[in-house]
Each structure stands twice: as structure tokens, then as C-alpha cells.
Amino acid sequence: MNAASELPLFPLSTVLFPGGPLRLRIFEPRYLDMVRRCLRESRAFYTHVTASYEDAGWVGNRWAEVLPLTSAEKQQLLELADPLARLEQVAVWSTRQPPTTHV
């Protein structure tokens, strides 16, 4: 694999939507080395999010990131190929009431 087709990745158990941010706390030496190498080689590493409010897919993805959804629900949304269907499902879930706790 050549350098142009390599993408440094962290093994995480999270659902990451395209074009979204992922805040990391990097402390393991091997990952610190990877970040240093990317910076030294001027390779892109975890850039800012560019707003695209006219894009239903982008808006649905950002909603899915901030709503209190389970990982399974986020994965369901990510698997929807139709961005309008994703946006519609996010809108439905955004109106749910949080579960009540019994004291």
C-alpha cells in the first residue's frame, strides 16, 4: 500500500458518521508516534467539520451525533443508505421522552 492510500486509524468501539468530529485523548506511545508522524509529514489528522446545512445527509449525521442515542441506534442510522430516511428517523427519535427513573 502506498502512502497516498494509507489512512491512520484508531481501533475504537464507536459509531462515527461521515464528516463528523471525534475527540480523542491520545496517551499510548504508539498512537502518539502515529500523530507525530502525520504532523511531520503534513498529512491530514481528525480536520474541522465544515457545515453543510443544505445537505440532508450532513444534517442527519450531525443530529445523530448529538442526540442521546444508543450505539445500536446510531449504527442503524449509519446503515441507512437514503439520507432523507436517516433524517426522518433522527427526527422521530429526537421527540422521544427520556426514560423515567423510579426512586
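The preceding data block contains the structure.
For clarity, every value in this text was computed on a predicted model and none was experimentally measured.

## Thoughts on helix 2 (residues 56–66)
In step 1: By the burial criterion, the buried members of helix 2 are Gly-57, Trp-58, Val-59, Gly-60, Asn-61, Arg-62 and Ala-64.
In step 2: The inward-facing, buried residues of helix 2 abut helix 3 (71–79) and helix 4 (83–94).
In step 3: Between the side-chain oxygen at the start of helix 2 and the backbone nitrogen of Gly-57 there is a gap of 2.9 Å, and the oxygen is on Asp-55.

## Observations concerning the nonpolar core
It is characteristic of soluble globular proteins that their nonpolar side chains tend to be buried jointly.
In step 1: Core analysis: the biggest nonpolar cluster contains 8 residues, these being Val-15, Phe-17, Ala-64, Leu-67, Leu-69, Leu-77, Val-90 and Trp-93.
In step 2: The contacts of Trp-93, once residues within four sequence positions are left out, are Leu-69, Glu-73, Gln-76 and Leu-77.

## Considerations on the pattern of salt bridges
In step 1: Per the stated rule, a full pass over the model turns up 5 salt bridges.
In step 2: Between Asp-33 and Arg-36 there is a salt bridge, and its shortest N-O distance comes to 3.0 Å. With a gap of 3 residues between them, Asp-33 and Arg-36 both fall in helix 1 (residues 29–40), about one helical turn apart.
In step 3: Residue classification places Asp-33 among the partly exposed positions, given a relative accessible area of 45%.
In step 4: Since its relative accessible area comes to 47%, Arg-36 is described here as partly exposed.
In step 5: In this structure, Glu-65 engages Arg-62 in a salt bridge whose closest nitrogen and oxygen atoms are separated by 2.8 Å.

What counts and how
- In this convention, every chain numbers its residues from 1, walking through the sequence in written order.
- Since the coordinates come from a predicted model, pLDDT governs what is reported: local features require at least 70, and pairs of side-chain atoms require 80 or more to be given and counted, while whole-chain, interface and lining totals use all residues.
- Excluded from the side-chain calculations are hydrogens and water; all other atoms, namely the structure's heavy atoms, are used.
- Three exposure classes are used, based on accessible area relative to the maximum for each residue type with a 1.4 Å probe and protein chains only: buried under 20%, partly exposed in between, and exposed over 50%.
- We count a stretch as a helix when DSSP gives it H or I for four or more residues in a row; a strand needs E for two or more, and each element gets its number in order from the N terminus.
- Pairs of residues are marked as contacts when any of their non-hydrogen atoms sit within 4.5 Å.
- Any N or O atom pair separated by 3.5 Å or less is treated as a polar contact, with the protein-specific requirement of one donor-capable and one acceptor-capable atom, and with residues adjacent in sequence counted only for side-chain atom pairs.
- To define a nonpolar core, start from buried Ala, Val, Leu, Ile, Met, Phe, Trp, Tyr and Cys residues and group those joined through side-chain atoms within 4.5 Å.
- In what follows, salt bridge is the name for a side-chain nitrogen of Lys or Arg lying within 4 Å of a carboxyl oxygen of Asp or Glu.

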